[in-house]
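Working through the structure, step by step
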Protein chains: 4
Amino acid sequence: MYYFNNDYSEGAHKKILEALIKTNFEQCPGYGLDEHCQKAAELLKEKMGRNDVDVHFVSGGTQANKLCLAAFLRPHEAIICPDSGHINVHETGAVEASGHKIIAVRGKDGKILPEEILNVLAVHHDEHMVKPKAVFVTDATEIGTIYTLDELKVISKVCHENDLYLYLDGARLANALTAEGNDVSLADLANLTDAFYLGGTKNGLLFGEAIVIVNPSLKADFRYITKQNGAMLAKGRILGVQFTASLSDDLYLETAKHANMQAQKIQSALEELAVPLFIKTPTNQIFPIIENDKLTLLHESFVFSDWEKIDAEHTAVRFVCSWATKNEDVEALIATLRKLYAHQ
Amino acid sequence: MYYFNNDYSEGAHKKILEALIKTNFEQCPGYGLDEHCQKAAELLKEKMGRNDVDVHFVSGGTQANKLCLAAFLRPHEAIICPDSGHINVHETGAVEASGHKIIAVRGKDGKILPEEILNVLAVHHDEHMVKPKAVFVTDATEIGTIYTLDELKVISKVCHENDLYLYLDGARLANALTAEGNDVSLADLANLTDAFYLGGTKNGLLFGEAIVIVNPSLKADFRYITKQNGAMLAKGRILGVQFTASLSDDLYLETAKHANMQAQKIQSALEELAVPLFIKTPTNQIFPIIENDKLTLLHESFVFSDWEKIDAEHTAVRFVCSWATKNEDVEALIATLRKLYAHQ
Amino acid sequence: MYYFNNDYSEGAHKKILEALIKTNFEQCPGYGLDEHCQKAAELLKEKMGRNDVDVHFVSGGTQANKLCLAAFLRPHEAIICPDSGHINVHETGAVEASGHKIIAVRGKDGKILPEEILNVLAVHHDEHMVKPKAVFVTDATEIGTIYTLDELKVISKVCHENDLYLYLDGARLANALTAEGNDVSLADLANLTDAFYLGGTKNGLLFGEAIVIVNPSLKADFRYITKQNGAMLAKGRILGVQFTASLSDDLYLETAKHANMQAQKIQSALEELAVPLFIKTPTNQIFPIIENDKLTLLHESFVFSDWEKIDAEHTAVRFVCSWATKNEDVEALIATLRKLYAHQ
Amino acid sequence: MYYFNNDYSEGAHKKILEALIKTNFEQCPGYGLDEHCQKAAELLKEKMGRNDVDVHFVSGGTQANKLCLAAFLRPHEAIICPDSGHINVHETGAVEASGHKIIAVRGKDGKILPEEILNVLAVHHDEHMVKPKAVFVTDATEIGTIYTLDELKVISKVCHENDLYLYLDGARLANALTAEGNDVSLADLANLTDAFYLGGTKNGLLFGEAIVIVNPSLKADFRYITKQNGAMLAKGRILGVQFTASLSDDLYLETAKHANMQAQKIQSALEELAVPLFIKTPTNQIFPIIENDKLTLLHESFVFSDWEKIDAEHTAVRFVCSWATKNEDVEALIATLRKLYAHQ
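Every value quoted in this text rests on a predicted model; they were computed, and no experiment measured them.

1. What to know about the overall build of chain A
Secondary structure assignment for chain A yields 14 helices and 13 strands. The C-alpha radius of gyration computed for chain A amounts to 20 Å, which stays within 12% of the reference 20 Å derived for 344 residues, consistent with globular compactness. For the C-alpha atoms alone, the extent of chain A along its principal axes is close to 60 × 55 × 35 Å. Contacts in chain A between residues at least 24 apart in sequence constitute 73% of all its contacts with a sequence separation of at least 6.

2. Some thoughts on the interface of chain D and chain A
Contacts between chain D and chain A engage 13 residues on the former and 13 residues on the latter. Taken together, the residues that form the side of chain D that touches chain A break down as four nonpolar, three polar and six charged.

3. Comments concerning the domain arrangement of chain A
Bring the parts together and some accessible area is lost; that lost area is often taken as the interface size. Residues and elements named next belong to chain A. Splitting chain A by domain gives domain 1 (2-6 + 252-342) and domain 2 (14-249). Spacing between the C-alpha centres of domain 1 and domain 2 amounts to 28 Å. With 15 residues of domain 1 at the interface, the matching set in domain 2 holds 19 residues. Where the side of domain 1 that touches domain 2 is concerned, the elements lending two or more residues are helix 12 (251-272) and strand 10 (285-291). Considered class by class, the residues forming the side of domain 1 that touches domain 2 number eight nonpolar, six polar and one charged.

4. Topic: the sheet that holds strand 6 (residues 165-169) of chain C
Residues and elements named next belong to chain C. Here we have seven strands laid out as an open sheet, ordered 2-8-7-6-5-3-4, and mixed in their pairing. Two strands in the sheet have a free side with no partner beyond their single neighbour: strand 2 (54-58) and strand 4 (102-105). Neighbour-to-neighbour, the strand axes of this sheet turn through a mean angle of 25°, independent of strand direction. In the sheet, strand 6 pairs with strand 7 (residues 195-199) via two bridges, with the strands oriented parallel. Bridge pairing in strand 7 links Tyr167 to Ala195. The strands that helix 7 (residues 149-161) touches are strand 5 (131-138) and strand 6; relative to strand 6, the one it contacts most, it runs at about 140°.

5. Here's the deal with the relation of the copies chain D and chain A
When chain D is fitted to chain A, the best match, at an RMSD of 0.0 Å, comes from turning it 180° and sliding it 0.0 Å along the axis. As the rotation angle and translation indicate, the two copies are arranged about a two-fold axis. Proximity to the rotation axis, assessed at the C-alpha, singles out Arg74(D) in chain D; its C-alpha lies 3.7 Å from the axis. In this assembly, 100% of the residues forming the interface of chain D have copies in chain A that are likewise at the interface, indicating an isologous arrangement.

6. Thoughts on the packing of helix 1 (residues 14-23) of chain D against helix 11 (residues 237-247) of chain D
Residue and element names in this part refer to chain D. Packing of helix 1 against helix 11 brings their axes to within 9 Å, and their N-to-C directions diverge by 135°. Considering their axes alone, helix 1 and helix 11 lie oblique with respect to each other. For the element pair helix 1 and helix 11, the recorded crossing hand is right-handed. Within the contact between the two elements, helix 1 uses Lys15, Ile16, Ala19, Leu20 and Thr23 and helix 11 uses Ile238, Val241, Gln242, Thr244, Ala245 and Ser246. Grouping the constituent residues of the contact of helix 1 with helix 11 by class yields six nonpolar, four polar and one charged.

7. Overview of the relation of the copies chain C and chain D
With an RMSD of 0.0 Å, chain C superimposes on chain D once it is rotated by 180° and translated 0.0 Å along the axis. An overlap of 97% is found between the interface residues of chain C and their copies at the interface of chain D, pointing to a shared contact surface.

8. Here's the deal with the interface of chain C and chain D
Listed by partner, the interface residues are 39 residues for chain C and 38 residues for chain D. Listed by contribution, the elements that provide at least two residues to the side of chain C that touches chain D are helix 1 (14-23), helix 3 (61-72), helix 5 (94-97) and helix 10 (222-228) of chain C. For the side of chain C that touches chain D, the element with the highest residue contribution is helix 1 of chain C, accounting for four residues. Grouping the constituent residues of the side of chain C that touches chain D by class yields 17 nonpolar, 17 polar and five charged.

9. Describing the sheet that holds strand 7 (residues 195-199) of chain A
Residue and element names in this part refer to chain A. Within the open sheet, the seven strands sit side by side as 2-8-7-6-5-3-4. Their pairing is mixed. Every interior strand has two partners, whereas the edge strands, strand 2 (54-58) and strand 4 (102-105), have only one. Looking at each pair of strands side by side, their axes are set apart by 25° on average, direction ignored. The sheet contact formed by strand 7 and strand 8 (residues 209-213) spans five bridges and is antiparallel. Of the residues in strand 8, the one forming a bridge with Phe196 is Val212. Relative to strand 2, helix 2 (residues 35-48) is tilted by about 125°, and along the sheet it contacts strand 2, strand 7 and strand 8. Relative to strand 6 (residues 165-169), helix 7 (residues 149-161) is tilted by about 140°, and along the sheet it contacts strand 5 (131-138) and strand 6.

Calculation rules
- Residues numbered from 1 in each chain as written.
- Chains lettered and ligands numbered in written order.
- Predicted model: local features only at pLDDT ≥ 70, side-chain atom pairs only at ≥ 80, totals over all residues.
- Helix = DSSP H or I, 4+ residues; strand = E, 2+ residues; numbered from the N terminus.
- Rg over C-alpha atoms; globule rule 2.2 N^0.38 Å.
- Contact = placed C-beta atoms within 7 Å.
- Nonpolar A, V, L, I, M, F, W, Y, C, P; charged D, E, K, R; others polar.
- Domains from an automatic or database assignment.
- Pairing = 2+ DSSP bridges.
- Axes fitted to C-alpha atoms, helices over the stretch in contact; angles between N-to-C directions.
- Least-squares fit on C-alpha atoms with pLDDT ≥ 70 in both.
- Parallel < 35°, antiparallel > 145°, perpendicular 65-115°, else oblique.
- Left-handed = near helix turned anticlockwise from the far one by under 90°.

The structure is reproduced here in structure tokens:
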């Protein structure tokens, strides 16, 4: 079988693993207070050109989102989020379990629209309703699209004018940063958001996300919140070692570029074959709409997700490539697609 | 410097690391639904002689405790716990953050006494007070002592007669199982508790704890609770791979025995030197009471924790050994202790 | 000014107040354990023809909803609710503050559709999403409509077939029970729901809602949850006294009928004048769509809420009548409406 | 039977009830935004000589405590409290249900000692433990004692020097203010605490507590927290009407004085009879230690609580007097005590 079902099927990139092996018997202080974590944080700060941000390393994306929103919000404060947002759909109510309502808006192509934020504010006017206090965006989005710098600037402006925090989920941020057409940088994110995280789990680490807190008023006591949520690893150095390796020589961009490139090969082939797309994306997730009988054939040799039923005869599916996706796997998939669609 | 400050200063045991390397490029399903997790669970069930328990792997001890108590208890239900219990002192209120009160009792040598449980029940008689519903014990305890089988049997009986769950925190369970004088087995724990976990983080894994749920009424939907708390690793296979290695050929006992043995050498030396002990333990944590001037000298070459101020001139300190503690480090410590105490 | 803005502008119905005065100096046990609460519970059980339900009295509707859902659900379990549902919009995230996600569906005329429930179930299939476990309905709904017995039967069937609790918010239940066209009885609610409450605050009491728990598996320890949420009145007898008065001689139906009747006079007048309705209702809330210039004139003499902007020139507004609404006030409103619409 | 079991056995003081009757048919805005609440708040501010505080009215003491601590604290922040504190013992874990740990200290005579606060701070030094952020005191305490102004000043100083909020539970504050030996005023409380509440439920109201928030940084959005916790009464005017009556002509002091006076008669009689006291108090709760055989006889005619078992033959009991306690009841109790103790 060939796997295109997600970007975390393998372990870690070779260089990440080597770094873990190399440092394995060093004795380090626990809980992320070691030199590797410090080094990784410095590397990330350099890339942003910012020394005034706080960096924290945690194990996964749901954890990062849960911690940040729990740390930043008072009990009655709510988060505005596109209805496709990971926190709204795929985190088993983690944010609500911390006591906060998510106000879902429709969004467009997985992205929130500035006017949707303003609409939410317009109808939340008194203490009988929750108080919108944060906006949640994802880049790349859950459906592989990316924000332009201009889009983020407008959203950031709306947030700051309305006393809302802008928080960016970057589970696939490196894929966005290396996508064709991207004009957003880590420095931009530090300027435009109050906090965001750079994902490692889906980009070649065993696991790990790097949370960046920019807004000074949100920094206090984040380590308390981390520990309280069971998110502080005893051997926190593992996160520091991995991120140091990933951020060195821009490995994190290289792994993301590889994933994007492999996925784009598939998307190009689909376009050539005139297979309709659910959405066209510049990153590592591809969403063709496939006839159900072809689907059955594809599933015989390839592992991938059915994304959304389009009609009785068509289904949008998702092919994901990763840092580890091999050329021969992509070629096998394209070859099969060509065969399936050649007869039409 | 020589490190005796905890049992998680290094990375992973060589065999654990090798297992990770060996399986690194296998493609596995995510979220702990892979064959490695299944294999590890089977190994653990075999050791208990029980096929009817549920096994879940998570990243750390605070996480394990938080998840279990959140999953098992209704909002008004409380946990009875010795006041030295990790959940009561060192988890930043993780249990309370899930909404549950901890009722702390004094305990003796880090262990809860059956009569303390009964006393708590006697004064909690109506709906103006929380409802005690679980008892929390740790083996080995936070101060290195261990429960005897008889002690656990009595506590278990009190729990079951009073409709209380018995939950055992096993962060250092392997150290207890391999301690001199221990007569408790994994099979006993499955018989006597409603749930417990076997710690890996402090026993040679990069990280990882294996939660065992015995009581059938507590099993439902544990994976939902895991995900909701941000505790479900995308690459859950990492936990399965590590535990499979640790549980194979009884590596988990070997690593724990090594830690105990190294610590016991230190304790024997202290006793020979007539250094008073805060508590005598059979496991991998040693608690001598040291004069403050000697303390200063010791801290120059050794990293360890001051545990509790005894009086103006004496402090109880803690030396911890681990699976990775080297002979030469132990010898260096003993040599220094001998030098310090020779002049008396 | 004439008040049509809500159904809680005045204090209590004369008979309620008299009952409070009459019993004021009786010495009663605290916390709802008094004879008045017992008597009120019995009266309510009689009306349902059910002795096997639990009845609890609390102070308000948000409190009733919050308590029930906190008591009934495990942390990862969610509530399906029409998006107009009070818990979704007007309770400041009280349900989320207890840790539970609300899954809002569109509904129709303020009522949930059975197929919406099934759709939610269809997409919530694993532990990465919350687990739908309860359905929330309101009768009369937030926009004054009522459920038919057949509608409730179908919803109840869907719930029970899918292991979902059916919970009914009855803040204006007496208005529904006495509405023209209603064919639902308290006995039906006991048969079809797992729990519901009968509202008193909006029906002539100073405050008070009577929660009825039908499903035996949901009854345990409700008083603990009540106390934990600060919802147990020391002088609980006040609730018992008021409900005993309200349930005696069917005062609760009389007060609700009065409210409905006054509102229906207004609705009839609006229809005569061909004023379009946002929705036609059989209860005590009336929702005409008014031109904005007429709105300004109406607001000069009448207090009422603007409900929803329809377009640049029209607004749906809400007139509410209560047990205390006077004939002359209704006549004044109708006279003004006639004057405003006469010139067209 | 004569009732001495608590201070909420009757309904409301005659003047409170009259105020409710007199204003019953006024039409008021809902949710505490009416003129009666405003008037009551102004009366209370006048008594403090402070215009810069926020006043909120809620239904009960547990509710007041829960709301304040939920509003003031971040998730990892904890409350230091004497172990007899109401939040620690008799609120079914309401504070923990909001996510916060209570750190209980022994206290002395129901009062917290400044050094206990400092001791807690000394051992809570990093993010592995909760962060102490508030101190909870009660005046009069749960065992009837009162704080002196000097005691409160020292505690307040310790709090402010250590960035801790001082919160005072005033369920029986009027009893403290009117106790013999009291030198604390409402103005002092406004100067020394960050927030406190003045209890009405135990002082002649049907129910109601007046929360005073002094610290400007704690004021924001309190009404959101109130609504979210189901603590905002639709007919909030009932609280305003009652407190306006209670605060007019110092009725609140008169009712409290009456309760204290009746209780002190009992305490004097006990002292005359040389009955030992569990604690001597200047307020409305009296705690004699009674032989168990006499206890049985007393319980035949009087309702009161057994407080604490002293030894196999003696029990500390509690007699409570209220604004409604009648002379003849007190005389009957004293006569019986005299008869019981005359034979010795």
